[in-house]
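One-letter residues, chain by chain:
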Amino acid sequence: MSITTETLFLEDETANSKQITILKQNFPYCFDKKGNFLPEKMAELVQASNVDIVKESYSLNWLGKSYARLLTNLPPQGLIKSDADHNNLEKNKNSQNILIKGDNLEVLKHLTNAYRESVKMIYIDPPYNTGSDGFVYEDNFKFTSKQLMELAGIDKEEADRIISFTEKGSSSHSAWLTFMYPRLYIARELLKEDGVIFISIDDNEQATLKLLCDDIFSEENFIASLPVVMNLKGNQDNFGFADTHEYCLVYGKNKNESVLDFFDVDEEELENSWTEDEHGLYKVADNLRATGANAPREKRQNLWYPIFLNETDQSFYNTENDMPLDDSHTSIYPLNPEGDELSWYWKKTTFNRNKHNLILKKTKNGWQFYRKQRPQLGDIPTKKPKTIWYKPDYSTSSATTDLKNLLGAKVFPSPKPIPFLYDLIKVGTASETESEIILDFFTGSGSTAQAVFEFNLDQNKSHNFLCVQLDLPTYTIDKDSGKRIAKKGSKEAFDAGYSTIFDITQDRVEKAGLKIQAAHPSYKGDLGFKIFEATNDFRVKADTTLDLDNPSFFNDIQLTDAQYQALLTTWRLYDGSKLTETVYDISLNGYTAHLCKGRLYLIAPDFTVKNITALLEKLNSDKDFAPNKIVMYGSNFDSAHQMELNEALKSYGNKKSIDLSLIVRY
């Protein structure tokens, strides 16, 4: 056995380093002994596999694309810590739902190892870059021009322009694409092979987002661009047209593997409600004879006229002079059963244009004309989802009211409607698996989490949400008084006591769970959630530029309890353990180690000979104790102790034939 030394999160990535690594792993014969790529070898492989080569193609390029690729490959800058007080509450301690506070790009990078190909469905509602939604590109990286030139493979002019828009902030298309690219790229890695992503967007970035997704997910995995009607009356402030809809782009990780669910529709009820003629579907609506205060003849003289009916073939018409064409036709006037003279709903020209939309029926009160109601948007449900999504329940105003009723104030602008997300979950989680992971890394007010709760309740499922939200403050600091004052657009949230958007998210998810539990006391589903936070509070940072040679997190070897727990959580994630994986404290004669998914973590100092002896005894005697990897915190184990443990593990009997490795990690 030999000791492996590793340092997590070294800043040695470039814009294409991970992609080159994948090429080397899968196509090693396409590189020479110096690591140079041999394109002719790849060409031979392609030709031998009868892969069609297209010489004409297009690609999406923008200022910052190389930088976006670099951001994708750079490791996370901080650690993940657990909210122990919240997570240990009875309703949360066994929950598989997760809410993470922090920058979503940082969080996604932390999740990559543990959640790779584990997520069934992703829904995101990113900033739309409307010019008024507050989007401005920002990041925490401070590169010099020279660093950026080397890492991103670009010239000085482009490096300087990128640094300019990252430092000054920008809401250009290029800035927005630079913001979105790394997040979507990593999101794709988290999707299962049959997974699906849904992305809400409006006209400002819909076209660029479509091209970006074609680049990341591949054009062949595009499924749909769904117009979603959320404001049927339309936005009257827009020029020319009143906007009624936005879009939802749908892509599969692998479209050939994707399975989308159908809606629940009562086919028998549908058949009984609607009939089809040569003009389409219809159902019987109101009588053509008017009713109400304005129905009498004297109020609408122009709507009093005879309709002439041929009772033999049941054809009917009217004339300009109100005279029949011959004596074989019956004259029908808008009379009610009492004989009162009323009026028709339609004037003559409308009648002549829409005769095909009338139904003639003979009743005890004589011949009657009924209008055919043709289906309007959303009237006809189908099992297969339509390409235009509309339900009255999708209204954003209704969603705002529902959230206000739940939290007591209008604390969040334009939350996504729960019924819309509910239907996306229905469509996007088609599988025989009762429990799937649903990811939302632009969580906002927490609509997705609530929709998961409600979907599980109705559909008897046990899906889990994994939601990420940045703790954006609802206030600014007044320069004169030093007091907190509400940000523009956040006054109600600030006045209601919410200091950050994350506070709103957390409160909404908690109250949504309590509401369901109160209405369904016997429900045993998971209505709790665990909270984690991405933090760089522990990171040793350089003053001005990103220090590529100092990956350390802690100034002092002696860890605080918060540092200790954050390090353990981060290491577990890095090693492929999900955040909800059980961690077992292992007592080794007074020393506490931690076992999770086959890894035994030794972080605390003062691991002595007696602790080594206890470890060997447990390996030999405890049949359930069989770690495959021991991970030591190098700062708390000097080289002598490392070698001592290594030699002890080499010499012990290993009756279980465990393939055990020893890693010293910094």
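What you see is a predicted model; the values in this text were computed from it and never measured.

## With respect to empty space enclosed by the protein
Here is step 1 of the chain: Here the structure, examined in full by the defined rule, presents one cavity of 30 Å³ or more.
Here is step 2 of the chain: Volume-wise, the largest cavity comes out at about 60 Å³.
Here is step 3 of the chain: In this structure, the largest cavity is lined by Tyr-67, Phe-141, Lys-142, Phe-143, Leu-148, Ile-163, Thr-166 and Glu-167.
Here is step 4 of the chain: The element that contributes the greatest number of residues to the lining of the largest cavity is helix α7 (residues 156-168), accounting for three residues.
Here is step 5 of the chain: Broken down by class, the residue content of the lining of the largest cavity amounts to five nonpolar, one polar and two charged.

## Quick notes on the sheet that holds strand β12 (residues 330-332)
Here is step 1 of the chain: Strands sit in the order β11-β10-β12 across an open sheet of three strands; the sheet is antiparallel. Edge positions in the sheet fall to β11 (315-317) and β12, since each of these pairs with one other strand and no more. Direction aside, neighbouring strands of the sheet carry axes that sit 30 degrees apart on average.
Here is step 2 of the chain: In terms of strand pairing, strand β10 (residues 307-310) meets β11 through three bridges, oriented antiparallel. Bridging across to β11, Phe-308 finds its partner in Tyr-317.

## Overview of the nonpolar core
A general trend in soluble globular proteins is that nonpolar side chains are found buried together.
Here is step 1 of the chain: Among the nonpolar cores identified, the biggest contains 65 residues, and Tyr-115, Leu-148 and Leu-184 are the most heavily contacted of them.
Here is step 2 of the chain: In contact with Tyr-115, not counting residues within four places along its chain, are Ile-98, Leu-190, Ile-437, Leu-466, Leu-573, Lys-578, Leu-579 and Thr-580.
Here is step 3 of the chain: Counting 48 residues, the second largest nonpolar core, distinct from the first, contains Phe-263, Ile-418, Phe-453 and Ile-504.

## Re the packing of aromatic side chains
Here is step 1 of the chain: Taken as a whole and assessed by the stated rule, the structure comprises 30 aromatic pairs.
Here is step 2 of the chain: Considering the side-chain rings of Tyr-305 and Phe-351, the 6.5 Å spacing of their centres and the 70 degrees angle between planes classify their relative orientation as edge-to-face. Pair noted here: Tyr-305 is in the loop between β9 (280-287) and β10 and Phe-351 is in helix α11 (residues 348-353), with a separation of 46 residues, a long-range link.
Here is step 3 of the chain: A relative accessible area of 1% means that Tyr-305 is categorised as buried.
Here is step 4 of the chain: Taking the relative accessible area as the measure of exposure, Phe-351 reaches 0% and is therefore buried.
Here is step 5 of the chain: One aromatic cluster is present, built from ring pairs that chain together Tyr-123, Phe-263, Trp-389, Tyr-394 and Phe-420.
Here is step 6 of the chain: Of note, Lys-210 hangs over the ring of Phe-222, and the distance from its end group to the ring centre comes to 4.4 Å.
Here is step 7 of the chain: Across from the ring centre of Tyr-282, 4.4 Å away, lies the NZ or CZ of Lys-372, which sits over that ring.

## Here we look at the environment of Asp-379
Here is step 1 of the chain: Among the structural elements, Asp-379 can be located in the loop between β14 (366-373) and β15 (389-390).
Here is step 2 of the chain: Residue Asp-379 is classed as partly exposed on the basis of its relative accessible area of 30%.
Here is step 3 of the chain: In this structure, the C-alpha to C-alpha distance between Asp-379 and Tyr-390, residues eleven residues apart in sequence, is 9.2 Å.
Here is step 4 of the chain: Ignoring anything within four residues of it in the chain, the contact list for Asp-379 reads Trp-274, Gln-373 and Arg-374.

## A few points about helix α19 (residues 639-651)
Here is step 1 of the chain: The end-to-end C-alpha separation of α19 is 18 Å, in line with the 18 Å expected for 13 residues at 1.5 Å each.
Here is step 2 of the chain: Among the residues of α19, those classed as buried are Gln-642, Leu-645, Asn-646, Ala-648 and Leu-649. All buried residues of α19 fall inside an arc of 160 degrees around its axis, so they share one side. The outward face of α19, more than 90 degrees from its buried face, is lined by the exposed residues Ser-639, Ala-640 and Ser-651.
Here is step 3 of the chain: Residues of α19 that are buried sit in contact with β1 (3-6), β23 (599-602), α18 (609-621), β24 (629-633) and β25 (661-665).

## Overview of the sheet that holds strand β16 (residues 437-440)
Here is step 1 of the chain: Taking strand neighbours across the sheet as the criterion, the ten strands line up as β2-β20-β3-β17-β16-β4-β5-β7-β6-β15 in an open arrangement whose pairing is mixed. A single partner strand is all that each edge strand has here, and the edge strands are β2 (79-82) and β15.
Here is step 2 of the chain: With three bridges joining them, strand β4 (residues 119-124) and β16 adopt parallel strand pairing. Bridge pairing in β16 places Val-119 opposite Ile-437.
Here is step 3 of the chain: Along the sheet, helix α9 (residues 206-217) makes contact with β5 (191-201), β6 (222-229) and β7 (245-252), crossing β7 at roughly 5 degrees.

## Some remarks on the pattern of salt bridges
Pairing is possible between side chains of opposite charge, provided their charged atoms come close.
Here is step 1 of the chain: Following the criterion strictly, the structure yields 26 salt bridges and no others.
Here is step 2 of the chain: Among the ionic pairs, Glu-90 bridges to Lys-93, the shortest N-O distance being 3.1 Å.
Here is step 3 of the chain: By relative accessible area, which is 38% here, Lys-93 ends up partly exposed.
Here is step 4 of the chain: Linked by salt bridges that have partners in common, Glu-6, Asp-575 and Arg-665 make up one network.

Conventions we followed
- One numbering rule holds for all chains: residues counted from 1, following each sequence as written.
- The predicted nature of this model means local features are confined to residues of pLDDT at least 70 and side-chain atom pairs, given and counted, to a pLDDT of 80 or more, with totals for whole chains, interfaces and linings taken over all residues.
- Excluding hydrogens and water, the side-chain figures rest on all heavy atoms present in the structure.
- Lining residues are defined by having an atom within 4 Å of a point belonging to a cavity or pocket. Those points lie on a 1 Å grid over the protein atoms alone, cavities being sets where a 1.4 Å probe fits but cannot get out and pockets being open sets with protein on both sides within 12 Å along at least five of seven lines.
- Grid points are joined across faces, edges and corners, and a volume is the space filled by probe spheres set on the points.
- Helix numbers and strand numbers start at the N terminus; a helix is a DSSP run of H or I with at least 4 residues, a strand a run of E with at least 2.
- Lys, Arg, Asp and Glu make up the charged group, whereas Ala, Val, Leu, Ile, Met, Phe, Trp, Tyr, Cys and Pro make up the nonpolar group; the residues left over, Gly among them, are polar.
- The rule for pairing is simple: two strands pair if DSSP sees at least two bridges between them.
- Fitted lines through C-alpha atoms give the axes, limited to the stretch in contact for helices. The angle between two N-to-C directions lies from 0 to 180 degrees.
- Put simply, a nonpolar core is a bunch of buried Ala, Val, Leu, Ile, Met, Phe, Trp, Tyr and Cys residues held in one set by side-chain atoms that sit within 4.5 Å of each other.
- Under the scheme applied here, a residue whose accessible area is under 20% of the maximum for its type counts as buried, over 50% as exposed, and between as partly exposed, the area being computed with a 1.4 Å probe on protein chains only.
- Note on definitions: a residue-residue contact is assigned when non-hydrogen atoms from the two residues lie within 4.5 Å.
- Two aromatic rings, drawn from Phe, Tyr or Trp (for Trp, its six-membered ring), form a pair once their centres lie within 6.5 Å of each other, and the interplanar angle then sorts them: stacked below 30 degrees, edge-to-face above 60, tilted otherwise.
- Definition used: whenever NZ (Lys) or CZ (Arg) falls within 6 Å of the ring centre and also within 35 degrees of the ring normal, the charge is taken to sit over that ring.
- In this analysis, the expected span of each helix is defined as 1.5 Å times one less than the number of residues it contains.
- The directions considered for the arc run from the helix axis to the C-beta atoms.
- Salt bridges are counted wherever a side-chain nitrogen of Lys or Arg sits within 4 Å of a carboxyl oxygen of Asp or Glu.

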